[in-house]
Amino acid sequence: MSRECRGRFGFSAFPAGNYNGSFNNVGSNANFWTASEYNSSNAYNRNLNTGASMSSNNNNKNNQYSVRLVKDSAGSALSAPELYPLLYRSYRQARKNKRNTVSQLRFEMDLERNLMELAVELADRSYRPRPSVCFINERPVKREVVAADFRDRIVHHLLCSWLFPIFERLFIYDSYSCRKGKGTLFGVNRARGFLRAASGDFRQDCWVLRLDIKGFFMNIDKDVLFGLVMDGIRREAYSGVSDVGLCDYLVRLIVYLNPLDDAFFKSPPSAWDGLPADKSLKNTDGTRGLPIGNLTSQLFGNVYLNPLDQYVKRVLKIRCYGRYVDDMVLVHSDKRVLLDAVGKIRAFLEERLRLILHPKKISLQPASYGFNFLGVYILPYRVYPGRRLLRNCSAALLRHPDSFPEHRKRLVSYRGMFTHLNGRPKWLE
């Protein structure tokens, strides 16, 4: 087939579009025929032109030399029976560490029926999120948490199973939050590597710049976020997405959702006393803010700051840069480079992402002084647990245990963390 195409038309395979004596818009037209017949004269085709919607059209199927694919995999909608195994896999992921929550137990009481009802709602686009639970979490720092219903967490896992592989290819290596194989310890080790690289293995001085964004999650602009998510998906041509229409539907629904509209408030109103205004969705106008506590919010946070990551790495050419959520560290041998970067990063955030650098959390100091990052204090050749980590560890161990197995797990977790550091409390020995 390809030899015949190359010999007669100069192509190794038929280009997109119809052939009526000549090919039109070669290189830009992307209408692929499918094997789905509409009637005796027409067949469906899929419009994949740049910037076009992923819509199906039906045209004359008797046009000469038109390419008809066996399956229109780019946009075929999944039926409820086809969605069921995907939802079951997402359910298995969502229930990890959630086995005894009320919403999870209620859902599991009639698991098959609930999953099928959810599949039907997703298939016919009638799905709407259930009311969330809003409460104040005091540890490790005071923050507002908006937790989705277990049923909605399953949908979040389904969407993220499509989006994570797409954006993993677009993110920089040194973005550490909510990524497989990354995390806080990975970020700490990368920061230690930055010190060695910028100082020539500590043979010369280098400088460390710490930056933070003021009220990051509560100030995410939903229009900007939606554009960034959709641009990333389309850039990768919906790779791995088994239902394009459902993916678009869920992205828009989740991004523009205001979870406090019908939320159940678990904490009393007094619990919000002392919480900064830029740390609560109560103080947003509905066009900004993502709830802390959802899997999609963690992914969308990385998507939102990915343009900044690319700007620092590709434009400012600062190789020793890493970010965990909105906590950034930059290391360089020249102090002037980092001073200049502060102004440029501030301008980029305000103009492109409508965010503000926290004025009280800009820190520039020699690396030999050490610096806090991700709960530890990093110095040349050694890393010590930070004050907050020690304080939280002490409080957790002195707290009356709900159960001995859970208390033991907590102890083992902290001991495992301290094995990677140079200092540990004597009472953990």
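Just above sits the structure.
Let us look at the structure shown here. (Residues numbered from 1 in each chain as written. Predicted model: local features only at pLDDT ≥ 70, side-chain atom pairs only at ≥ 80, totals over all residues. Heavy atoms only, no water.)

**Re the pairing of strand 5 (residues 133-137)**
Move 1: Only one face of strand 5 is covered, namely the face carrying Cys-134 and Ile-136; the face carrying Val-133, Phe-135 and Asn-137 is uncovered.
Move 2: Here strand 5 folds back onto strand 6 (residues 143-147) in antiparallel fashion, the turn holding 5 residues.
Move 3: Summarising the sheet, strand 5 and strand 8 (residues 264-265) pair through 2 bridges and their orientation is parallel. Within strand 8, the position partnered with Val-133 by the bridge is Phe-264. (Buried < 20%, exposed > 50% of the residue type's maximum accessible area, 1.4 Å probe, protein only. Helix = DSSP H or I, 4+ residues; strand = E, 2+ residues; numbered from the N terminus. Pairing = 2+ DSSP bridges.)

**Notes on the sheet that holds strand 10 (residues 327-332)**
Move 1: Strand order in this open sheet of 4 strands is 9-10-7-11, and the pairing throughout is antiparallel. The open sheet has two edge strands, strand 9 (321-324) and strand 11 (363-366), and neither has a second partner. Recorded for the sheet is a direction-independent mean angle of 15° between the axes of neighbouring strands.
Move 2: As paired strands, strand 9 and strand 10 are joined by 4 bridges and run antiparallel to one another. Looking across to strand 10, one finds that Tyr-324 is bridged to Asp-327.
Move 3: Across the sheet, helix 9 (residues 295-315) lies against strand 9 and strand 10, angled at about 170° from strand 9, the strand it touches most.
Move 4: The sheet contacts of helix 10 (residues 335-353) involve strand 7 (207-211), strand 10 and strand 11, and relative to strand 7 the element is tilted by about 15°. (Axes fitted to C-alpha atoms, helices over the stretch in contact; angles between N-to-C directions. Contact = heavy atoms within 4.5 Å.)

**Considering the environment of Arg-235**
Move 1: Considering the arrangement of structural elements, one finds Arg-235 in helix 7 (residues 222-235).
Move 2: For the pair Arg-235 and Ile-166, spaced 69 residues apart in the sequence, the C-alpha separation amounts to 9.1 Å.

**Things to note about helix 5 (residues 150-168)**
Move 1: Spanning 19 residues, helix 5 covers 25 Å between terminal C-alpha atoms, matching the ideal 27 Å at 1.5 Å per step.
Move 2: Maximal helix bending in helix 5 amounts to about 35°, located at Cys-160.
Move 3: Burial runs high along helix 5: 14 of the 19 residues are buried.
Move 4: Capping the start of helix 5, Asp-149 holds a side-chain oxygen 3.0 Å from the backbone nitrogen of Arg-151, two or three residues further along. (Expected span 1.5 Å × (residues − 1). Bend = angle between axes of the 7 residues up to and from the residue. Polar contact = N/O pair within 3.5 Å; in protein donor to acceptor, adjacent residues only side chain to side chain.)

**Describing the nonpolar core**
Move 1: Ranked by internal contacts, the top residues of the largest apolar core, which has 75 residues, are Leu-122, Ile-233, Val-251, Leu-308, Leu-330, Ile-345 and Leu-353.
Move 2: At 10 residues, the largest contribution of residues to this core is made by helix 5.
Move 3: Not counting the four nearest positions on each side in its chain, Ile-345 is found in contact with Leu-211, Leu-308, Val-312, Leu-316, Leu-330 and Leu-357. (Core = buried A, V, L, I, M, F, W, Y, C linked by side-chain atoms within 4.5 Å.)

**Observations concerning the state of the cysteines**
Move 1: Taken as a whole, this structure holds 0 disulfides when the rule is applied.
Move 2: Among the cysteines around Cys-178, which has no disulfide bond, Cys-160 carries the closest sulfur, lying 7.1 Å off.
Move 3: Given the relative accessible area of 21%, Cys-178 is considered partly exposed. (Disulfide = S-S within 2.5 Å.)

**Topic: a positive patch on the surface**
Move 1: A contiguous patch of positive charge on the surface is contributed by Arg-143, Lys-279, Lys-361, Arg-388 and Arg-391.
Move 2: Here Arg-388 is to be found in helix 11 (residues 387-398). (Patch = residues over 30% accessible without salt bridge, like charges linked within 9 Å, V, L, I, M, F, W, Y side chains within 5 Å. Areas by Shrake-Rupley, 256 points an atom, 1.4 Å probe, with all protein chains shown as cover. Salt bridge = Lys/Arg side-chain N within 4 Å of Asp/Glu carboxyl O. Lys, Arg positive; Asp, Glu negative; His and termini not counted. Charge placed at Lys NZ, Arg CZ, Asp CG, Glu CD.)

**Notes on the sheet that holds strand 6**
Move 1: Strand order in this open sheet of 3 strands is 6-5-8, and the pairing throughout is mixed. The open sheet has two free edges, formed respectively by strand 6 and strand 8, since each of these has just one partner strand.

**A few points about the packing of aromatic side chains**
Any pair of aromatic rings gets described here by the distance separating the centres and the angle formed by the planes.
Move 1: Tallied over the entire structure, the rule returns 11 aromatic pairs.
Move 2: Among the aromatic residues, ring-to-ring pairing joins Tyr-88, Tyr-91, Phe-107 and Phe-150 into one connected group.
Move 3: Between the NZ or CZ atom of Lys-282 and the centre of the ring of Trp-272, over which it lies, the distance is 3.9 Å. (Phe/Tyr/Trp six-rings, centres within 6.5 Å; stacked < 30°, edge-to-face > 60°. Lys NZ or Arg CZ within 6 Å of the ring centre and 35° of its normal.)

**Points about the pattern of salt bridges**
Move 1: By the definition in use, this model includes 13 salt bridges.
Move 2: A salt bridge links Arg-125 to Asp-243; its shortest N-O distance comes to 3.4 Å. Of this pair, Arg-125 sits in the loop between helix 4 (111-123) and strand 5 while Asp-243 sits in the loop between helix 7 and helix 8 (244-255), placing them 118 residues apart in sequence.
Move 3: Judged by its relative accessible area of 0%, Asp-243 is buried.
Move 4: In this structure, the salt-bridge partner of Asp-327 is Arg-210, at a minimum N-O distance of 2.6 Å. With a gap of 117 residues between them, Asp-327 in strand 10 and Arg-210 in strand 7 connect regions that are remote in the sequence.

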